[in-house]
Amino acid sequence: MMHMHQYELSSACACTMLRKASRAVGRIYDEALAGHGMTTAQFAILRNVSRTPGLPLSRLADRLVMDRTSLYRALAPIEKRGWVKVEPGSGRAKLAVLTPAGRAAMAAAEPDWEVVQRRVEAGMGMELLQGLDLALQGLVRSAEGSQI
């Protein structure tokens, strides 16, 4: 039996769906962080650098699923603000280091980020959000050509 509102997955573009969702969700996080003078992307960089001191930029780019050129462009304004330092590592590697000012900026922004995070969690429910996380991880692996 055919349902009147049957969803046809073959007609849905995964990229379009993801971009629409990303813009909608990104907008509310960006609004929450704007008062701290940072974007969601900058906040994500600060959090990742804080989790692994002296993180090589190539690994940071991999974690954020960014190419290095985009990462360098994203790092420039936060480096200029003194939140992150890029230092030489071993060989040709460069390392991202969170500064005390960066730690303070991130700590100041975290409560506003947390409000939005809780809003998203409440709106979706933790089970659906965790399922989304797993699905998106699989999608990233698939897009990168990895085996799941």
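Because the structure is a prediction, the values reported are computed rather than measured. (Residues numbered from 1 in each chain as written. Predicted model: local features only at pLDDT ≥ 70, side-chain atom pairs only at ≥ 80, totals over all residues. Heavy atoms only, no water.)

Here glutamate 121 shows up in helix α5 (residues 100–124). A polar atom in the side chain of glutamate 121 sits 2.2 Å from the side chain of arginine 118. Not counting residues within four places of it along the chain, the set of residues in contact with glutamate 121 comprises Met126 and Leu129. (Helix = DSSP H or I, 4+ residues; strand = E, 2+ residues; numbered from the N terminus. Polar contact = N/O pair within 3.5 Å; in protein donor to acceptor, adjacent residues only side chain to side chain. Contact = heavy atoms within 4.5 Å.)

Right, let's talk about the layout of surface pockets for a bit. Estimates place the volume of the largest pocket at around 1,700 Å³. Together, 34 residues line the largest pocket, and Ser22, Val25, Thr40, Asp133 and Leu136 are the ones closest to its centre. For the lining of the largest pocket, the secondary-structure elements that each account for two or more residues are α1 (14–34), α2 (40–51), α3 (57–64), α5 and α6 (126–143). Across the lining of the largest pocket, the residue classes tally to 21 nonpolar, six polar and seven charged. (1 Å grid on protein atoms, 1.4 Å probe; cavity = no way out; pocket = protein on both sides within 12 Å on 5 of 7 lines; lining within 4 Å. Points joined across faces, edges and corners; volume = space filled by probe spheres on them. Nonpolar A, V, L, I, M, F, W, Y, C, P; charged D, E, K, R; others polar.)

Take the sheet that holds strand β3 (residues 94–98) next. Read from one edge to the other, the open sheet built from three strands follows the order β1-β3-β2, with strand pairing classed as antiparallel. Of all the strands in the sheet, just β1 (55–56) and β2 (84–88) have a single pairing partner and so form its edges. Examined bridge by bridge, β1 and β3 share two bridges and lie antiparallel to one another. Each bridged residue has a counterpart across the sheet, and for leucine 55 the counterpart in β3 is alanine 96. (Pairing = 2+ DSSP bridges.)

On to the state of the cysteines. One pass over the full model with this rule turns up zero disulfides. Left without a disulfide partner, cysteine 15 is nearest to the cysteine sulfur of cysteine 13, which lies 5.2 Å away. (Disulfide = S-S within 2.5 Å.)

So, to be careful, I would describe these as geometric facts and stop short of saying anything about function.
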